[in-house]
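# A structural walkthrough
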Amino acid sequence: MAYKRHIDRLPIIPADAKEHNVTCHYCIVGCGYKAYTWPINRQGGTDPSQNKFGVDLAQQQETQTPNWYAPSMYNIVKQDGRDVHLVIKPDPECSVNGGLGSVRGARIAENRRSDITGTQQQRLTEPMVWRYGTWQPTSWEDALDLVARVTARVIDKDNEDDLFVSMFDHGGSAGGYENTWGTGKLYFQSMKVKHCRIHNRPAYNSEVHSTRDMGVGELNYCYEDYGLADTIFMIGANSLETQTNLFLNHMVPGMRGETLAKKQAELPDEPHAPARIVIVDPRRTVTVNACEEAAGAENVLHLQIQSGTDLALLNTIFTHIADQGWVDQAFIDTSTFREGVAQPEDPAHPAALGSFEAAREACRMSLAQGAAICGVPEADIVKAAEWIARPKEGGARRRTVTCYEKGIIWGNDNYRTIGAAVNIALATGNVGRPGGGVARLGGHQEGYMRPSDAHVGRPAAYIDDLLIRGRGKVHHIWANDHYKTTLNAVEFKRVYNRRTNMVKEAMDARAGATREEMVDAIVGAIEAGGLFSVNVDIIHTQIGQQAHVILPAVESGEMNLTSMNGERRMRLVEKYMDGPGSAKPDCLIAAGLAQALEKVLTDDGRADYAAQFKGYDWATEEDAFMDGYHANTGQIVTYDRLRAMGNNGVQEPVTGYEDGKLVGTKRLYSDGTFGTDDGKARFCAGAWRGLQAPGKEQQKAAYRYLINNGRSNIHWQNWFLDKENDFVFDRFPFPFLEIHPDDMTELGLKPGDLVEIWNDVGATQAMACPTPTARPGETFMVFGAPSGTQGNVINAGTNELVLPNYKQTWANIRKISDPPASVRHLTFKSQEVELG
Ligand code: MGD
Ligand code: F3S
């Protein structure tokens, strides 16, 4: 590590600095922060009356003082057109993080665009149109008119299938209830676009269909449950790196016994001990290491399975728990479906759903079978079942909180595997009660509010595959970068480049043409197989390099934005700075596009169709919020009410407003009624069936190395802000590939060498990082890097509902270069810690 910020002093936050509530938008946990701003020509003083902390800063502060901030939490930004100091620091009063930051959240400030300090100069500032062989800045009116005119030529009332849309479904940086409503109203109400996909997957679908079909919404607990649980059951997640403060502020205290007094007070009729943890992951992660340090190795059970065998493991645990009679029969009788099969297996349901007995029969798997498939000892499977379900001394039921994320969501046989995890929680009555819950850990803040998407159908269309096969004429992209994050990415990029270049060439050939002539030229190229691409984003992305129109959006902090976290905690992030140039909130961009379409269609004499695009006269994002969230959720929540709830917000669903406070819901299903027509939860009868996605078994047989893949602590998503952040690029100039030293020797590799990873699908490159804790033959590559798209080697195979299977990928590896100069300063020391 060479990076130093070279800052030896920072301004003191004055007592009268403006204070804004901020929810960190870098992950699902949604830690509370405060943003402080004040005029550039002033600062506070050491006297308690002169600084925001109200303390004597001339005195040495204690080690854990909150009266402090780091250089990464500081910047100078524009607010109402003027330069102001900005500090964004963790909020000790927020129940989510209790004042903790993360290596991402503690850098929100330095990742703001600043013309003074020069940060994030990559942000888009003006709309741009492809003209004269490059992108030219232009007005919103001009850009939206071109988008509307070309779009209007390929859509018609009740026939919008030639318009393809890729749109975020999340809260946070590019989403929030405001923006999902804006885009949703445009594409699902004014139009009925069915060829659409979500930002991180090639179809418009749920990532967790089965749990929803079973009646168990995927975010059903509260973070406090980690402090009340006897056992934490974590499947396919690396929470220290990916849900950092959920891990540090909730899981670790539970494991360290720091919540024992709370357990005793809230659940006095049963014995309590510090929580133990069972982790299912083919890789030894830093989370496993941290749990051993927090709980003691004897309280951590890492089931290091063979990649993609979770379903076999979970079905074996389920079978063993049932065979031992450790189930919650009263709960099964009153809260679950009892009569055989409720939903047969069909193309929209990759497994039958029904009673406990039906699932038990279908999922039955002996310890010997399970151990052989998963590659873990039988004794460890038994131990896991005991930790999860064996009643406590005195007979009280064990409280187990189950959490999972991409290891199974983007893993083998998504539908059945998630169903199998929920089966165990249902069988043991661990849903809707303190210390229980079966929840996805999540990725980013959530903020979904859209009209019905029923017209999209199930299975939804495989959009990236259709684009490869020449379908689609106009492509609207909202905060997606398929080039870095799709599967079968080499082929996708090859075809997308070709098709969009056809339109670029047609536009170049008509430089100087009138609008009508230009639209004709574009449509001509489209009819010949080309694709017109519109990119709405905050930066000029990789796929954006192929766009014909680029529209600049603002992000969190530059607009008011509401979202909820992984325990459904809804907050308002208050706008604390201006967006760059003329960038706008996505909801207002969607509104502008709707209005442009209305005008163009009216001009075309298609008045009936034009009328569908009315109803977007929003002046601010708050108008979009009121039109969407407020109007569709009982008209209780307003910006003012949310603002008053501060960084602790309110847990959804919001049920009322009493004594000046919004009233929320701590846990779902606490009354034993589930989200099905009859209120009864279903079990999932999904048997193990090997590697399910087409092509995976063959790839495994043909290539030597598992290319496991996922996130890393320091990187955020597809590195879209990291790219312009010295701190990140100094640490990792290239995407890393964790690989066992013996494999490196065999491949003739030194630390920091660049390698090519190649298979039947494509190739990509990464930097070799010796990792003694990796299993020989099993590597791990970081996801989403700009200079090493890991999706290049992921084959096109998905599950029946078009859920991508990124994690199960095999390839060969060869050296392509000695360490480039930019990596020579790097350390390759182990990331494991010993707290002593
Ligand atoms: P991943 O690294 O994708 O992260 O959060 P996680 O799901 O926790 O995958 C988790 C683990 O799955 C990895 O350790 C991997 O070894 C394991 N795995 C691989 N194959 C298998 C398998 O067959 N079975 C099992 N059981 N496990 C397997 C993702 C989450 O992170 C998401 S979705 C988003 S959008 C956020 N992104 C993000 C980020 O970009 N950076 C950081 N630092 N944090 C993030 N938080 C969120
Ligand atoms: Fe941000 Fe907290 Fe996640 S600081 S990145 S929300 S753990």
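Above this text is the structure in question.
With the rule as written, the count across this model stands at 68 salt bridges. Between Lys473 and Glu527 there is a salt bridge, and its shortest N-O distance comes to 3.5 Å. Remark: Glu527 occurs in helix α19 (residues 515-527) and Lys473 occurs in the loop between α16 (463-468) and β16 (474-478); sequence separation between them is 54 residues. Ionic pairing is found between Arg643 and Glu574, a salt bridge with its closest N-O pair at 2.9 Å.

The next thing to look at is the site of ligand 1. For ligand 1, the set of nearby residues contains 33 residues, the closest of which are Thr242, Gly308, Asp310, His715 and Gln717. One of the backbone nitrogen or oxygen atoms of Arg711 is found 2.8 Å away from an oxygen atom of ligand 1. One of the backbone nitrogen or oxygen atoms of Asn713 is found 3.1 Å away from a nitrogen atom of ligand 1. Coverage of ligand 1 by the protein amounts to 99% of the 900 Å² it exposes when considered alone. At the level of elements, α5 (239-242), α14 (406-409) and β25 (705-710) are the ones that each hand at least two residues to the shell around ligand 1.

Spatially, β25-β29-β26-β28-β27-β30 is the arrangement adopted by the six strands of the closed barrel, whose pairing is mixed. On average, adjacent strands in this sheet sit at an angle of 45 degrees to one another, irrespective of strand direction. When strand β26 (residues 736-739) meets strand β29 (residues 778-782), the two strands line up antiparallel, connected through two bridges. Bridge pairing links Leu737 to Met781 in β29.

Moving on, we come to unusual backbone geometry. Cis rather than trans, the peptide bond between Arg458 and Pro459 has omega equal to 0 degrees. Its location among the elements puts Pro459 in the loop between β15 (438-440) and α16. Phi angles above zero are rare outside glycine, and Asn488 is one such case at about 50 degrees. Counting through the fold element by element, Asn488 comes out in the loop between α17 (482-485) and α18 (489-509).

Close to ligand 2 lie Cys24, Tyr26, Cys27, Val29, Gly30, Cys31, Tyr33, Ser102, Arg104, Gly105, Thr244 and Asn245. Tallied by class, the residues present in the shell around ligand 2 amount to six nonpolar, five polar and one charged.

Take the sheet that holds strand β5 (residues 128-131) next. Read from one edge of the open sheet, seven strands run β6-β5-β18-β17-β16-β7-β8, paired in mixed fashion. Of all the strands in the sheet, the pair left with one neighbour each is β6 (134-137) and β8 (196-198). The average angle at which neighbouring strand axes cross in this sheet is 20 degrees, direction not considered. Sheet topology note: the strand β7 (residues 163-167)/β16 ladder contains five bridges and is parallel. Residue pairing across strands places Val165 opposite His476, the latter belonging to β16.

Rules used throughout
Residues numbered from 1 in each chain as written. Chains lettered and ligands numbered in written order. Predicted model: local features only at pLDDT ≥ 70, side-chain atom pairs only at ≥ 80, totals over all residues. Heavy atoms only, no water. Salt bridge = Lys/Arg side-chain N within 4 Å of Asp/Glu carboxyl O. Helix = DSSP H or I, 4+ residues; strand = E, 2+ residues; numbered from the N terminus. Near = heavy atom within 4 Å. Polar contact = N/O pair within 3.5 Å; in protein donor to acceptor, adjacent residues only side chain to side chain. Areas by Shrake-Rupley, 256 points an atom, 1.4 Å probe, with all protein chains shown as cover. Pairing = 2+ DSSP bridges. Axes fitted to C-alpha atoms, helices over the stretch in contact; angles between N-to-C directions. Nonpolar A, V, L, I, M, F, W, Y, C, P; charged D, E, K, R; others polar.

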